[in-house]
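Residues per chain, in single letters:
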Amino acid sequence: MSIASDAGSPPEVSELARALGQAARLAPSVHNTQPWRFAPLPDGLAIHEDPTRGLASLDPHGRLRVISCGAAVTNAALAVAHSGFVPVVELLPAGEPTLLARVRAGVRLAPDAGDLRLYGAIPVRRAHRRLHHRVGVGAGDVRQVCAAVSRAGARPVVPDAPARRRLGALLRAAVEHQLADPGHLAEVSQWVRHVGGTSTSDGVPVGSLGTTPFPADSIVHDGWDLDELERAPIEDELEASSVLGIATPGDARRDWLVAGVALQRAWLQATALDLAVTFADQATQWDGTRQLAADALGAPGQLQVVLRIGRPLVDVPPTPRRELADLWRWPDQT
Ligand SMILES: Cc1cc2nc3c(=O)[nH]c(=O)nc-3n(C[C@H](O)[C@H](O)[C@H](O)COP(=O)(O)O)c2cc1C
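Caption draft 1: Looking closely at the site of the ligand. Taken together, 22 residues lie near the ligand, and Arg 125, Ala 127, Arg 129, Ser 218 and Arg 321 sit nearest. Here an oxygen atom of the ligand and a side-chain polar atom of Arg 125 are 2.8 Å apart. In the model, a nitrogen atom of the ligand is placed 2.7 Å from a nitrogen or oxygen of the Ser 218 main chain. Within the complex, 98% of the 620 Å² of free accessible area of the ligand lies under protein. For the shell around the ligand, the secondary structure elements donating two or more residues are helix H2 (63-82), helix H9 (253-272) and helix H10 (282-285). The element that contributes the greatest number of residues to the shell around the ligand is H2, accounting for three residues. For the shell around the ligand, the residue count by class is 10 nonpolar, eight polar and four charged.

Caption draft 2: Focus on the sheet that holds strand S4 (residues 44-49). A sheet is described by the order of its strands in space; here four strands give the open sequence S3-S4-S6-S5, paired in antiparallel fashion. In the strand order of this sheet, the two ends are held by strand S3 (36-41) and strand S5 (85-91), each with one partner. The sheet shows a mean angle of 20 degrees between the axes of neighbouring strands, direction not considered. In terms of strand pairing, S4 meets strand S6 (residues 99-108) through five bridges, oriented antiparallel. By the bridge assignment for S6, Leu 45 is matched with Val 103. Sitting on the sheet, helix H1 (residues 15-24) touches S3, S4 and S6, and the angle it makes with S4 is about 40 degrees. Across the sheet, H9 touches S4, S5 and S6, and the angle it forms with S5 is around 150 degrees.

Caption draft 3: Structural detail: the domain arrangement of the protein. Segmenting the protein into domains produces domain 1 (2-125) and domain 2 (132-312). A separation of 23 Å is found between the C-alpha centroids of domain 1 and domain 2. At the junction of the two partners, domain 1 supplies 34 residues and domain 2 supplies 38 residues. Carbon and sulfur atoms supply 62% of the area buried between domain 1 and domain 2, which totals about 3100 Å² over both sides. Summed over the three residues of domain 1 that lose the most area to domain 2, namely His 31, Arg 63 and Leu 118, the buried surface amounts to 22% of that side. At the junction of domain 1 with domain 2, the criterion picks out four salt bridges. The partner of Asp 115 in a salt bridge is Arg 265, with the nearest N and O atoms 2.9 Å apart. Remark: the boundary between domain 1 and domain 2 carries 17 residue pairs in polar contact (both at pLDDT 80 or more). Put simply, the parts of the chain that give the side of domain 1 that touches domain 2 at least two residues each are H2 and helix H3 (113-121). Of the residues forming the side of domain 1 that touches domain 2, the biggest block, 11 residues, is contributed by H2.

Thresholds applied
- Residues numbered from 1 in each chain as written.
- Predicted model: local features only at pLDDT ≥ 70, side-chain atom pairs only at ≥ 80, totals over all residues.
- Heavy atoms only, no water.
- Near = heavy atom within 4 Å.
- Polar contact = N/O pair within 3.5 Å; in protein donor to acceptor, adjacent residues only side chain to side chain.
- Areas by Shrake-Rupley, 256 points an atom, 1.4 Å probe, with all protein chains shown as cover.
- Helix = DSSP H or I, 4+ residues; strand = E, 2+ residues; numbered from the N terminus.
- Nonpolar A, V, L, I, M, F, W, Y, C, P; charged D, E, K, R; others polar.
- Pairing = 2+ DSSP bridges.
- Axes fitted to C-alpha atoms, helices over the stretch in contact; angles between N-to-C directions.
- Contact = heavy atoms within 4.5 Å.
- Domains from an automatic or database assignment.
- Buried area = accessible area lost by both parts, 1.4 Å probe.
- Salt bridge = Lys/Arg side-chain N within 4 Å of Asp/Glu carboxyl O.

What follows is the structure in structure tokens.
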């Protein structure tokens, strides 16, 4: 069956392309910008970045945007597996400059149980910005999450306690830098949504921000009190946490995409293990501390993302997404 979209006069969209698009649009993205467009293929989906949804202050090089699109690639590939085919993923194929990946169905094959579990975690995965138990993450859990990173072609980094403490000090410096930057605060406020329900389709709902200070609340916004931040025991908190870095050999667009594919596989694996995932990424997001953070963690290569993993104490609400009909990119569009 083919389904025509309500946007413009689109070509036919196969049921498979639709299933892949539905999975891909649920991916996480920086500030929930959803910086992607999808082109249907007869046997899959092409994923484009959408630079018009970029973050000039936080992400001037588009690194976090491409990582976000990499997460969408993982979801599409898992949807192929769920449909009973081997996913064939081509990263950065030749073609238009915005084209990041093609995800297609290969030969027929029943999905393995691991991929089915990750696919099932797609709609329940959340960015957790609430208090969570720092303890209770077993070595076996960490091994499984690391294996998900390695399987995607990236390098997991599990720092020891002194390294986590050093990361805490760098996080503090990077957060202070973001808080002192009016451009950063203005950009964040454009993406924090004070309305709820179906009246918004992107951005971070105010109810999804943290209820406790940094590092539990991990988006630096203008509701923060600098004095409170100075008193916050960031180094102690990081030292006592499970931390996972994701590194890549280089720092080109392909590395960012691979990091995004790995981030989402790791996040879904953690979700399937009932773990909470929180970002501890400010030191990686600011050029002034990024290399220092890589050195502090002993990262092999370029550090792309840093997460904290814990046991959730409370549920967090889902964030909104744009409808698939608004995400299609037809061949005559640039
Ligand atoms: C590349 C990337 C960077 C992110 N950085 C942060 C961050 O620094 N702090 C934070 O709280 N959330 C961060 N997030 C999480 C997003 O804000 C979150 O995925 C988005 O709001 C959608 O919500 P959901 O993940 O619960 O579906 C990041 C996500 C991605 C993909």
